[in-house]
Amino acid sequence: MATPPSNPFDASPAEPAAQGVFDSVAPAFSPLYQQIKTLILRSLQAGEWKPGDMIPSEFDLAARFRVSQGTVRKAIDELATDNLLVRRQGKGTFVATHAEQHIQYRFLRLLPDTGSLEEQGPAERRIIECRRQRAPAEVARQLAMRTGDAVLQVKRVLAFNATPAILEELWLPGGPFKGLTVETLADDKGPMYALFETQFGVRMVRAVEKIKAVSADEDTASLLGVSPGHPLLSVERLAYTYNDEPMELRRGLYRTDARHYRNELS
């Protein structure tokens, strides 16, 4: 009879190498670093390390999961590429926050034709409404809720250099965002997703967008300072928190006469 490996993690990736902490983490054929990535994500989701916190060192995580530091390093590299973790030279690895300069514009793809987002300064925000209501069928479907469940509807206009640029309508599940008010939104001067992190413990980690061209109706034209029929870019975004849980439906109407939508594909 063949002698089994002394360390269960010495088994090949095709074998059920992980036992105990690895049970039900990933399929048996999943690379070990992907299993470690999943375990770290679980800790992030559970709030063991909150946005801005430093996570344990690679050495400590390797001991915790009984794997090599190289395996942990590869898992962390992927999480950093996904903008979920941030490496800081000489300091350690931290849970990323939407308040950080290089992350706060992560989901904003509307850029000025000349200059940069940083040069044009922060958006001036005007909250039109923030009200609690019952979820319409389509909103409930996209947010994985039941029709009629409590949701928050937020409308706001974003302007740059006093020129309206974006009209947004947001739909948020009522439970996680209990206590969100017009005053809360108006008083906060940072990125909205940073507010969601710090006050409601909700972190958006990825988003899916649908984009199409539309014409401004009268109400939209009035809010954006254009003529009815003016061409606009419609961007519908469904943002997810950990574990692929939909947490925000955002519908934006963008003026593109002085701006463009930019995305990098790889």
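What counts, and at which threshold
Residues numbered from 1 in each chain as written. Predicted model: local features only at pLDDT ≥ 70, side-chain atom pairs only at ≥ 80, totals over all residues. Heavy atoms only, no water. Salt bridge = Lys/Arg side-chain N within 4 Å of Asp/Glu carboxyl O. Helix = DSSP H or I, 4+ residues; strand = E, 2+ residues; numbered from the N terminus. Buried < 20%, exposed > 50% of the residue type's maximum accessible area, 1.4 Å probe, protein only. Core = buried A, V, L, I, M, F, W, Y, C linked by side-chain atoms within 4.5 Å. Contact = heavy atoms within 4.5 Å. Axes fitted to C-alpha atoms, helices over the stretch in contact; angles between N-to-C directions. Parallel < 35°, antiparallel > 145°, perpendicular 65-115°, else oblique. Left-handed = near helix turned anticlockwise from the far one by under 90°. Nonpolar A, V, L, I, M, F, W, Y, C, P; charged D, E, K, R; others polar.

Colleague: Teacher, can you tell me more about the pattern of salt bridges here?
Modeller: A side chain with one charge can pair with a side chain of the opposite charge if their charged atoms come near. Considering all chains together, one arrives at 17 salt bridges under this definition. Its salt-bridge partner being Glu138, residue Arg141 comes within 2.7 Å of it at the nearest N-O pair. Of the two residues, Arg141 and Glu138 are both situated in helix 6 (residues 137-142); the distance of three residues between them amounts to about one turn of the helix. What makes Arg141 exposed here is its relative accessible area of 54%. Here Asp149 ties to Arg146 by a salt bridge, and the two come within 3.7 Å at their closest N and O atoms. For Asp149, a relative accessible area of 22% gives the class partly exposed. Overall, Arg146 belongs to the exposed group, its relative accessible area being 63%.

Colleague: Got a minute to help me understand the nonpolar core in this structure?
Modeller: Note that soluble globular proteins tend to have their nonpolar side chains buried in a common cluster. Counting 19 residues, the largest nonpolar core has Ile36, Ile40 and Leu61 as the members making the most contacts within it. Within the residue set of this core, elements represented by two or more residues are helix 1 (32-46), helix 2 (58-65) and helix 3 (69-81). Within the second largest apolar cluster, 18 residues are counted, among which are Leu152, Val154, Phe196 and Val202.

Colleague: Would you explain the environment of Ala159 in this entry?
Modeller: Tracing the chain through its elements places Ala159 in strand 5 (residues 150-160). Take Ala159: its relative accessible area is 9%, and that puts it in the buried class. Expressed as a C-alpha distance, the spacing of Ala159 and Pro122, which sit 37 residues apart in the sequence, is 8.9 Å. Ignoring sequence-local partners within four residues, the contact set of Ala159 consists of Ala123, Glu124, Pro164 and Ala165.

Colleague: I tried to follow the packing of helix 1 against helix 3 on my own but got confused; where do I start?
Modeller: Contact geometry of helix 1 with helix 3 gives a least axis separation of 8 Å together with a crossing angle of 60 degrees. Compared by their axis directions, helix 1 and helix 3 come out oblique. Of the two possible hands of crossing, helix 1 and helix 3 adopt the one that is right-handed. Side by side, helix 1 and helix 3 meet where Leu32, Tyr33, Gln34, Ile36, Lys37, Ile40 and Leu41 of the first sit next to Thr71, Val72, Lys74, Ala75, Ile76, Glu78 and Leu79 of the second. In terms of residue class, the contact of helix 1 with helix 3 is made up of nine nonpolar, two polar and three charged.

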